[in-house]
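# Fold and contact review
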Amino acid sequence: MTLRIGERILFDETRFEHTTSVTPGDMLPILKQALAEGNASLRAAFDDGADTVELVCARAQFIDALLRYAFSRVFIDNKQPVVLLAVGGYGRGELHPGSDIDLMLLLADEPDENSRACLEQFLMLLWDSKLEIGHSVRSLHDCVEEARKDITIATNIMEARYLAGDEQLMHAMLAETGPDKIWNARAFFQAKLDEQVQRYAKFHDTAYNLEPNIKENPGGLRDIQIIGWVAKRHFGAKTLEELIDHGFLTRNEYETLHAGQTLLWRIRLHLHYITNRREDRLLFDYQKQIALKFGYADGDNNLAIEQFMQRYYRTVMQLERLNELLLQLFREEILHGDVPEKIEVLNTRFQVTNNYIEARYPTVFSEHPTSLLEIFLLLELNPGIHGVRAETIRMIREHRHLIDDKFRQSETARQMFIEIMHQPRGITHELRRMNRYGILAAYIPAFEKIVGRMQYDLFHAYTVDQHTLFVVRNMRRLSVSAFGHEYPLASGIYHHIQKPVLLFLAGLFHDIAKGRSGDHAVLGAEDAEAFCRAHFLNEDDSKLVAWLVRYHLLMSMVAQRKDLSDPEVISTFARQVGDQSRLDYLYLLTLCDIRATNPKTWNSWKDNLLSELYHKTAITLRMGLMNLVSRDIAVKEVQTSALRLLVKDGNSPEDIHALWSHFNADYFLHHSPYEIRWHSELILDAPESRLPLVAARPTEKGRAEIFIYAREHDDMFSGIATTLNQLALNIVDAQIMATDNGYTLDSFKVLEEDGSTPETDFRINEIITYLIKHLKTNSIGSQPERNIPRSHRYFSTETIVRFEQRPGKDITVMNIIAADRPGLLARIGRAFLENKIRIHKAKIATVGEQVDDTFHITDINNQPLLDEEACQRLRASLIAHLEK
């Protein structure tokens, strides 16, 4: 027998004819050489563009031949019945370059001494030849008992394929583990259904993670395998194509399923060859390489990687739809096939059969096209319905083409869609279902463009369409009293807004123009206003939705990148917002938007920034935009409140005023009365001999606060930043204030590397101890090499340094945009130290892979940097430190 792929030989049996008497110990070099040559032929065929299915099957056949050869030599004199079986994916005759070769060695009884020796020799030979095997050795009795207890084992051996040995043993095993003996079709299907629910939950019930697992993700290869397993258990079907004969698949659906599997196999082949191991995660590391190998090239508004990933996401969406359709068919056949039909008529077009909605006759959608929307409204209105009957899902898919311009201009369709958006329950489930079935993209053509569209950055973890639906989900969650404790402020505001539908529409449209040429917020606002007007919203409501889409990034940018203690920042934002109603809607949209971008980037610190901006803006709006508080009045109010707290604690007003006389006005603007009380009491209680003074505490605002009071020296910021970096802490905010008598008041807000708050007594004391040690020795330790997160390495961010001289202020405002990395502030501090720069204030902001930090700086003489040459030197120094 000679195995080939194209013109290349994989295995030539004649080469092994002379080895019939070779001992097991002498077979290793022969096996290794054959394996190396066969792998080289398969790789060459892959590089030459061989058919994907042929490659996957040919590898399995090649390994079959090697294993049969090895088995025949090792077990040549063995008398006890034993059979070698391929199981799992290998049992299906599928094998990828890095996949495990799953084997079972099955014996009639426990192995005797000779069989045990043969088994050890055989397995050792395979391991030494570097075959990636996964194996089990079982007696027939043990095999049956293990399969009875464990659905995974039962599934594995259900796909057993004969390789060598006593074939009757395999048939006996299959008979004893068949559905008439263990795991009948009903129990098997329910177990697999439960497995899928648990698997989906691990991936947040979405196929559209930006670094998907092509095997385990919803819509991945495992979804196809589940269909095959259930079909085999219930029908005895050996291939998916046989489901056509059973009336479970149409020819077109089978071809879609086969094409989807082939694409995923092709991607998996690339992943295994790129990594030289089993790798099923389509990480950023590999996406760009594979996109280029698939022939994609960067376009003006669409990178090659984005085009490739959109193809991937749209494919898995199709597979997810087919998985849902087929599992529903199985559910009806296997779980409900012997249950008497209980029918509840909803109207002339739809009925509910055994808790699943279905069309009452085959021509429902062709005769009443708007029923393509009506069915989702009925699902919202009848929460007891569990889902959609399989044949109706198929009918929806087949009639999507009826949603054309005439359909969209239909008053009935427009009223139906708005009614869906108005419902108090079910909006999240039905929008997601509409997206899965392709109805949402058909009804809103602009939405079709963002389906499966990735956002190639670290800020967004999902595709644009999935992110959008998560935003709406977050909005809906605010209305549920059971979740009111999660975000009490937002939940309270939600229940006071007059028209939640406007919020939902803003969420649906806020990113709808992503990927188009131009500002997506501006273009999206135009789309949103036109849609709202066409759907019977009045002018004011239409304009509010458009305004929310236009400015959906505003509140996030102000909260994270501006100084919220500056009254001018608040007043400017208040003028942009205009009134309390807009503020309420914008706050809810912003909160839900940020939370839906990436679960790992949301934390209580960002939550508190948004709520602080909301409250301060609300106060400003209540006072009236013509009656804004001046800086002097704001300082006086803070001082008065802090003084009351300090006096109540028993402190002398004279001592307090004496201390404060050395502080500048910015200090009082940038700290709350409670923070000022904490700082002042620490300083008043500390004699000069106890300096430097360092205190730290966790706060209710989701971060730890560090306060430092010490004699001023120029390398203080650099040293503190380096020390905090050594402690693996991230600085999220910093206030550096110099007194007029030679001291510095430094306040740092920090988080752990994983975004959590340092809060244990041990951790707080560790921070204090390390900082005191540094400040007393005045030595800057070495910069630790903290690992840059893997995903950050694949995004290039140009380092941009800007300087601004503000009229009337003896300060230079410097803004840095750069790639985020651990220890970034320590590097900035080194550059400041080298250029003799003093920092007076810092605002730290990180968005995805990018930082956007602002520093108020002077030279060593407390003068602004008015010399262009000095600015250029500092810029060059910063870039050198940040990009090395």
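In this report, we go over the structure that sits alongside the text.

Here is what the cut-offs are and how they apply
Residues numbered from 1 in each chain as written. Predicted model: local features only at pLDDT ≥ 70, side-chain atom pairs only at ≥ 80, totals over all residues. Heavy atoms only, no water. Core = buried A, V, L, I, M, F, W, Y, C linked by side-chain atoms within 4.5 Å. Buried < 20%, exposed > 50% of the residue type's maximum accessible area, 1.4 Å probe, protein only. Helix = DSSP H or I, 4+ residues; strand = E, 2+ residues; numbered from the N terminus. Contact = heavy atoms within 4.5 Å. Pairing = 2+ DSSP bridges. Axes fitted to C-alpha atoms, helices over the stretch in contact; angles between N-to-C directions. Salt bridge = Lys/Arg side-chain N within 4 Å of Asp/Glu carboxyl O. Phe/Tyr/Trp six-rings, centres within 6.5 Å; stacked < 30°, edge-to-face > 60°. Expected span 1.5 Å × (residues − 1). Parallel < 35°, antiparallel > 145°, perpendicular 65-115°, else oblique. Left-handed = near helix turned anticlockwise from the far one by under 90°. Nonpolar A, V, L, I, M, F, W, Y, C, P; charged D, E, K, R; others polar.

A few words on the nonpolar core. Counting residues in each nonpolar core, the largest one holds 207 residues, and the members touching the most others are L67, F122 and F330. The dominant element in this core, judged by the number of residues it contributes, is helix 13 (residues 304-335), at 17 residues. When near neighbours in sequence (up to four residues on either side) are disregarded, F122 contacts L67, A70, F71, V74, F75, L84 and L105. In terms of nonpolar packing, the next biggest core, distinct from the first, is built from 45 residues, L724, A842, L865 and C871 among them.

Attention shifts here to the sheet that holds strand 7 (residues 343-345). The mixed open sheet is built from four strands, whose spatial order is 7-8-9-10. Both outer strands of the open sheet, strand 7 and strand 10 (387-388), are each paired with one neighbouring strand and no more. Judged from the two bridges that link them, strand 9 (residues 356-359) and strand 10 form a sheet pairing that is parallel. Counterpart to Y356 in the pairing with strand 10 is G387. Across the face of the sheet, helix 16 (residues 390-398) comes into contact with strand 9 and strand 10 while running at roughly 50 degrees to strand 9.

Within the structure shown, the criterion is met by 42 salt bridges. Of the charged contacts, one joins R314 and E448 as a salt bridge, the two residues approaching to 3.0 Å between their closest N and O atoms. Of this pair, R314 sits in helix 13 while E448 sits in helix 21 (residues 445-448), placing them 134 residues apart in sequence. Here R314 falls in the partly exposed class, since its relative accessible area comes to 29%. Accessibility expressed as a relative area gives 33% for E448, which makes it partly exposed. A salt bridge links E766 to R763; its shortest N-O distance comes to 2.8 Å. In this pair, E766 and R763 both sit in helix 36 (residues 761-777), three residues apart, roughly one turn of the helix.

Further remarks concern the pairing of strand 17 (residues 837-843). Of all seven residues making up strand 17, seven are buried, and the element is well covered by its neighbours. Of the strand pairs in this sheet, strand 17 and strand 19 (residues 850-859) are connected by six bridges, and their pairing is antiparallel. Among the inter-strand pairings, K841 is bridged to a residue of strand 19, identified as H856.

Within this structure, the stated rule accounts for 31 aromatic pairs. Between the aromatic rings of F189 and F330, the centroid separation amounts to 6.3 Å while the plane-to-plane angle is 65 degrees, which identifies the pairing as edge-to-face. Placement of the pair is F189 in helix 8 (residues 185-202) and F330 in helix 13, with a sequence separation of 141 residues. Given the relative accessible area of 1%, F189 is considered buried. Of the residues examined, F330 reaches a relative accessible area of 0% and is grouped as buried. Measuring from ring centre to ring centre gives 6.2 Å for Y487 and W602, while their planes differ by 65 degrees; the resulting arrangement is edge-to-face. Taken together, the residues span a long stretch of sequence, with Y487 in the loop between helix 22 (464-478) and helix 23 (488-494) and W602 in the loop between helix 29 (580-595) and helix 30 (604-623) at a distance of 115 residues. The buried category is assigned to W602, whose relative accessible area is 15%. Here the aromatic cluster, defined as three or more aromatic residues joined through ring pairs, consists of F407, F417, Y443, F509 and F531.

In this section: helix 34 (residues 673-684). Residue pairs spaced three or four apart in an α-helix point in one direction, given the helix's 3.6 residues per turn. Helix length check: helix 34, at twelve residues, gives a terminal C-alpha distance of 16 Å against a target of 16 Å (1.5 Å per residue), a fit within 8%. Taken as a whole, helix 34 has its buried residues at P673, E675, I676, W678, H679, S680 and I683. For helix 34, the secondary structure elements touched by its buried residues are helix 31 (631-648), helix 32 (653-660), helix 33 (665-669), strand 11 (693-698), strand 12 (704-711) and strand 14 (743-752).

Take unusual backbone geometry next. L691 connects to P692 through a cis peptide bond whose omega is 5 degrees. Looking at the secondary structure, you find P692 in the loop between helix 34 and strand 11. The phi torsion at N355 lies on the positive side, around 75 degrees, for a residue other than glycine. By the element assignment, N355 lies in the loop between strand 8 (350-353) and strand 9. Here N355 falls in the partly exposed class, since its relative accessible area comes to 40%. Phi is positive for A728, which is not a glycine, with a value near 60 degrees. Tracing the backbone shows A728 in the loop between helix 35 (716-726) and strand 13 (729-738).

Here the focus is the sheet that holds strand 4 (residues 101-107). Spatially, four strands are ordered 5-4-3-6 in an open sheet, and the strand pairing comes out mixed. Both edges of this open sheet fall to strand 5 (133-139) and strand 6 (161-165), since each of them pairs with a single strand only. The mean inter-strand angle of the sheet, taken between neighbouring strand axes irrespective of direction, is 25 degrees. Sheet topology places strand 3 (residues 82-86) next to strand 4; five bridges connect them, and they run antiparallel. Bridge assignment links L84 to a residue of strand 4, and that residue is L105. Sitting on the sheet, helix 2 (residues 52-74) touches strand 3, strand 4 and strand 6, and the angle it makes with strand 6 is about 25 degrees. The strands touched by helix 5 (residues 140-149) are strand 4 and strand 5; relative to strand 5, the strand with the most contacts, the crossing angle is about 110 degrees.

Now for helix 27 (residues 554-561). Summarising burial for helix 27: six of the eight residues are buried, a large majority. When helix 27 is considered as a whole, its buried residues turn out to be L554, M555, S556, V558, A559 and Q560.

Okay, the packing of helix 11 (residues 251-275) against helix 12 (residues 284-293) next. At a minimum axis separation of 11 Å, helix 11 and helix 12 run at an interaxial angle of 120 degrees. The pairing of helix 11 with helix 12 is recorded here as oblique in orientation. Crossing geometry of helix 11 relative to helix 12 is assigned as right-handed. Between helix 11 and helix 12, the residues in contact are R266, I267, H270, L271, I274 and T275 and Y286, Q289, I290 and K293, respectively. Among the residues making up the contact of helix 11 with helix 12, the classes are represented as five nonpolar, three polar and two charged.

What follows covers the packing of helix 31 against helix 34. For the pair helix 31 and helix 34, interaxial distance at closest approach is 8 Å and the crossing angle is 55 degrees. In terms of their interaxial angle, helix 31 and helix 34 are classed as oblique. Once helix 31 is placed against helix 34, the crossing between them reads as right-handed. Contacts between helix 31 and helix 34 pair V638, S641, A642, L645 and L646 from the former with P673, Y674, I676, R677, S680 and E681 from the latter. Here the residues of the contact of helix 31 with helix 34 are counted per class, giving seven nonpolar, two polar and two charged.

So, about the environment of L669. Here L669 shows up in helix 33. Taking the C-alpha atoms as reference points, L669 and A70, 599 residues apart in sequence, are found 80 Å from one another. Every residue in contact with L669, bar those within four places of it in the chain, is listed here: S565, P567, R631, A634 and V635.

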